[in-house]
Amino acid sequence: MSVSSRLDRLSALLEALAPRVELIRAEECPADPGGAADRSATRFLQLYLLTRGELVLTLPNAVRSIPAPSLVICRSDIRHQVSAGEGEDSGHLVRAKVVIEGPAGVLLFNEFAEPVVLSLAQTDTALSQAVALISSELAAPRCGQPALLNRAGDILFIGLLRHLVAHPATDSGLFNGLADPRIARSLVALHSAPQEAWTLERMAAEAGMSRTAFANTFRDAMNLTPGKYLGILRLAIARSAVESGYGLKRAARESGYASSSALSRALSRAMDEESASSPA
């Protein structure tokens, strides 16, 4: 199989995520770089890179000691604290803030309902090399460092996604679906053109499966039906378009809703559901 004909599971997803990675020098990391949950409108992922020593991850219901070399991923809206282990300094702890500016952010955040801890000794070479490069660059100022770190941050995030597709952290969800070549083909098609007239039959054809087999396999892999997943994706795209100042008509067209009124009803339902699930 040629390189060009291989299934690219991430490019369309990355476009829909539009990630922006900000790396923070060790000396600029506060003693409590995690701290209270950030419940602002802009959610993001906190990545903690530990190259030496030990890291202590404190959660509301647990405390974990994590040896280096490790990468810890936490959502900003989940309360946590991260600190160097006893007797360790924070010089070998690097923090990366991954802001997801694209509409598919909700799909990614659902994958990190719990913090994910990766041992870099067991990850893909590209990911461990990106961590090593970042750690080395942050050790001392160098010419062209900001530009290099921007690119290294992007490589780090892509390497992380590649690893999670190859080794999903949970038994169901986006990465688990992308790990199945058949389901991945349908997901890539949906991510590439969510506004098209997708039917269950068409999604199954993309996967090379019968309608029933596809529906069952998709649900088992993703813990969602194909229709529900497409609905979440389209609603996220529509919301992003509306928040960017586009009218309902254009937002409906770009996200695949039949009309602006159909989109308006979907937005209202989503707001009602969120209000009902929010704590009083």
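Each remark here, short or long, concerns the structure printed above.
Being a predicted model, the structure only gives us computed values, none of them experimental. Counting restarts for each chain: residues are numbered from 1 in the order of the written sequence. Where local features are concerned, this predicted model is filtered to residues with pLDDT of at least 70; where side-chain atom pairs are given and counted, the filter is 80 or more; whole-chain, interface and lining totals use all residues. Side-chain descriptors were evaluated using all non-hydrogen atoms of the structure, hydrogens and water having been removed beforehand.

J.: Honestly, the sheet that holds strand 4 (residues 62-67) in this entry has me stumped. Any pointers?
T.: As a general point, the strands of a sheet are linked pairwise by backbone hydrogen bonds and lie either parallel or antiparallel. The sheet built from three strands is open, its strands ordered 4-3-6 with antiparallel pairing. Looking along the sheet, the strands with just one partner apiece sit at the ends: strand 4 and strand 6 (81-84). Taking the axes of each pair of neighbouring strands and ignoring which way they run, one obtains an average angle of 20° across the sheet. Pairing between strand 3 (residues 54-59) and strand 4: six bridges, direction antiparallel. Opposite glutamate 54, over in strand 4, you have proline 67 as the bridge partner. For two strands to count as paired, DSSP must find a minimum of two bridges between them. Helix and strand definitions follow DSSP, with helices as H or I runs of at least four residues and strands as E runs of at least two, each counted in order from the N terminus. Convention adopted: a line fitted to C-alpha atoms gives each axis, helices being fitted over their contacting stretch, and angles between N-to-C directions are expressed from 0 to 180 degrees.

J.: How should the packing of aromatic side chains be read in this particular structure?
T.: What characterises a pair of aromatic rings is the spacing of the ring centres plus the angle enclosed by the ring planes. In this scheme Phe, Tyr and Trp rings, the latter by its six-membered ring, pair at centre separations within 6.5 Å, and the angle between planes marks the pair as stacked below 30 degrees, edge-to-face above 60, and tilted otherwise. Scanning all chains against the criterion turns up three aromatic pairs. A ring pair is formed by phenylalanine 214 and phenylalanine 218, whose centres lie 5.5 Å apart and whose planes are at 55°; its orientation type is tilted. You can see phenylalanine 214 and its partner phenylalanine 218 sitting in helix 8 (residues 211-222), four residues apart, about one turn around the helix. With a centroid separation of 6.0 Å and 65° between ring planes, the pair formed by phenylalanine 218 and tyrosine 229 is classed as edge-to-face. One end of the pair, phenylalanine 218, is in helix 8; the other, tyrosine 229, is in helix 9 (residues 226-243), and eleven residues separate them in sequence. Under the relative-accessibility criterion, phenylalanine 218 is labelled buried at 0%. Note on classification: 1.4 Å probe, protein chains only; a residue is buried when its accessible area is under 20% of the maximum for its type, exposed when over 50%, partly exposed between these limits.

J.: I'm lost on the sheet that holds strand 1 (residues 19-24) in this one. Help?
T.: Strand order in the open sheet formed by five strands is 1-7-2-5-8, with antiparallel pairing between adjacent strands. Edge strands, defined here as strands with exactly one partner in the open sheet, are strand 1 and strand 8 (116-119). This sheet shows a mean twist of 20° between the axes of neighbouring strands, independent of strand direction. Where strand 5 (residues 70-75) meets strand 8, four bridges bridge the pair, whose relative direction is antiparallel. Bridge pairing links leucine 71 to leucine 118 in strand 8. Residues count as neighbours in contact if any of their non-hydrogen atoms are within 4.5 Å of one another. In the packing of helix 4 (residues 145-166) onto the sheet, contacts are made with strand 1, strand 2 (44-50), strand 5, strand 7 (93-100) and strand 8, and the angle to strand 1 comes to roughly 115°.

J.: Can you help me understand the packing of helix 3 (residues 125-138) against helix 4 in this one?
T.: How two helices pack is summed up by the angle between their axes together with the distance between the axes. Relative to each other, helix 3 and helix 4 sit at 155°, their axes nearing to 8 Å. Taken as axis vectors, helix 3 and helix 4 run roughly antiparallel relative to one another. By crossing handedness, the relation of helix 3 to helix 4 is classed as left-handed. On the side of helix 3, the interface is formed by Leu127, Ala130, Val131, Leu133, Ile134, Glu137 and Leu138, while helix 4 contributes Gln145, Leu148, Leu149, Ala152, Ile155, Leu156, Gly159, Leu160 and His163. Residues were grouped as follows: Ala, Val, Leu, Ile, Met, Phe, Trp, Tyr, Cys and Pro as nonpolar; Asp, Glu, Lys and Arg as charged; and all remaining residues, including Gly, as polar. Taken together, the residues of the contact of helix 3 with helix 4 break down into twelve nonpolar, three polar and one charged. What sets the label is the angle itself: under 35 degrees gives roughly parallel, over 145 gives roughly antiparallel, 65 to 115 gives roughly perpendicular, and the rest give oblique. Definitions for this section: a left-handed crossing has its near helix turned counterclockwise from the far helix by less than a right angle. A right-handed crossing has that turn clockwise.

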